Amino acid sequence: MFKKQWPVFVLAFVLPILAVFWWWGGFNAVNVTETVAGPYRYAYLDYEGPISNMRKSQIAALDRFTDAHVTAGDTISVILTDPRQANGKVRAQLGYTLDAAAAIPAGLKEGRIERRPVYAARIHAAVLLAPSKAYQALDDMLEPLGKGIVMPTVRTVPASRSG
């Protein structure tokens, strides 16, 4: 019976899943390079919890920027702990970059990261999919070098893509 219905199964279930995965950038390659990043000046909220719930705190930080009439720059997430070590839970600083002279919105803390050498992973994919693909590519690239991902990690999303 299944032999006759497998084309229907593929059309009804497998192809739509593959199409969504493609649309989200799931088949896009990750580009890992050695580069220099920073400096960053940012305003943030502290976060502790599942990595999948960070967006809510990111939005709360943006609301503080809006209330203070301060222009938010790029989205920035400074992940302080490794989610692989705590079943997907992290401590993080979630916020937005600031111009050098911009005021810190009320209720947010100021963070600074100096210019430094980094391994950068870049991918064009959905916000929910990109981090896992980037971390896996970084880990795959560093493992043969006898290195691993060192916390904290910094994730930025240009303001034009974070909406």
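For the structure itself, look to the data block above.
To start, this report covers the structure provided alongside it. (Residues numbered from 1 in each chain as written. Predicted model: local features only at pLDDT ≥ 70, side-chain atom pairs only at ≥ 80, totals over all residues. Heavy atoms only, no water.)

### Quick look at helix H3 (residues 130-142)
Over its 13 residues, H3 runs 18 Å from end to end, which matches the ideal 18 Å to within 8%, given 1.5 Å per residue. Within the sequence span of H3, burial applies to Ala130, Ala134, Ala137, Leu138 and Leu142. Along the axis of H3, the buried residues cluster in a sector spanning 125°; they form a single face. Considering only its buried residues, H3 is in contact with strand E1 (31-37) and strand E6 (116-122). (Helix = DSSP H or I, 4+ residues; strand = E, 2+ residues; numbered from the N terminus. Expected span 1.5 Å × (residues − 1). Buried < 20%, exposed > 50% of the residue type's maximum accessible area, 1.4 Å probe, protein only. Arc of directions from axis to C-beta. Contact = heavy atoms within 4.5 Å.)

### Topic: the pattern of salt bridges
Counted by the stated rule, this structure contains three salt bridges. Measuring nitrogen to oxygen at the nearest pair gives 2.7 Å for the salt bridge that ties Glu110 to Arg41. Taken as a pair, Glu110 in strand E5 (residues 109-113) and Arg41 in strand E2 (residues 40-50) lie far apart in primary sequence, 69 residues in all. We classify Glu110 as partly exposed; its relative accessible area is 37%. For Arg41, a relative accessible area of 12% translates into the label buried. Here the salt bridges do not stand alone but share partners, grouping Arg41, Glu110 and Arg112 into one network. (Salt bridge = Lys/Arg side-chain N within 4 Å of Asp/Glu carboxyl O.)

### So, a nonpolar patch on the surface
Taken together, Phe9, Leu11, Phe13, Val14, Leu15, Leu18, Val20, Phe21, Trp22, Trp23, Trp24 and Phe27 make up a surface patch of nonpolar side chains, about 1300 Å² in accessible area. The residue Leu15 is located in helix H1 (residues 2-23) in this model. The exposure class assigned to Leu15 is partly exposed, which follows from its relative accessible area of 41%. (Patch = residues over 30% accessible without salt bridge, like charges linked within 9 Å, V, L, I, M, F, W, Y side chains within 5 Å. Areas by Shrake-Rupley, 256 points an atom, 1.4 Å probe, with all protein chains shown as cover.)

### Describing the packing of aromatic side chains
What the rule picks out here adds up to four aromatic pairs. Seen in terms of ring centroids, Phe21 and Phe27 are 4.9 Å apart; in terms of plane orientation they differ by 85°. Their pairing is edge-to-face. Classification of Phe21 by relative accessible area gives partly exposed; the value is 32%. (Phe/Tyr/Trp six-rings, centres within 6.5 Å; stacked < 30°, edge-to-face > 60°.)

### Re the side chain of Ser57
Assignment of secondary structure puts Ser57 in helix H2 (residues 54-67). Of the residues examined, Ser57 reaches a relative accessible area of 17% and is grouped as buried. The contacts of Ser57, once residues within four sequence positions are left out, are Leu45, Tyr47 and Leu94.

### Things to note about the sheet that holds strand E3 (residues 75-79)
Spatially, the five strands line up as an open sheet ordered E5-E2-E4-E3-E7, and their pairing is antiparallel. A strand with exactly one partner marks an edge of an open sheet, and here the two such strands are E5 and strand E7 (153-157). Taking the axes of each pair of neighbouring strands and ignoring which way they run, one obtains an average angle of 35° across the sheet. As defined by bridge partners, E3 adjoins strand E4 (residues 89-97) across five bridges and the pair is classed as antiparallel. Note on E4: the bridge partner recorded for Ser77 is Leu94. Its contacts with the sheet place H2 against E2, E3 and E4, and it is angled at close to 30° to E4. (Pairing = 2+ DSSP bridges. Axes fitted to C-alpha atoms, helices over the stretch in contact; angles between N-to-C directions.)

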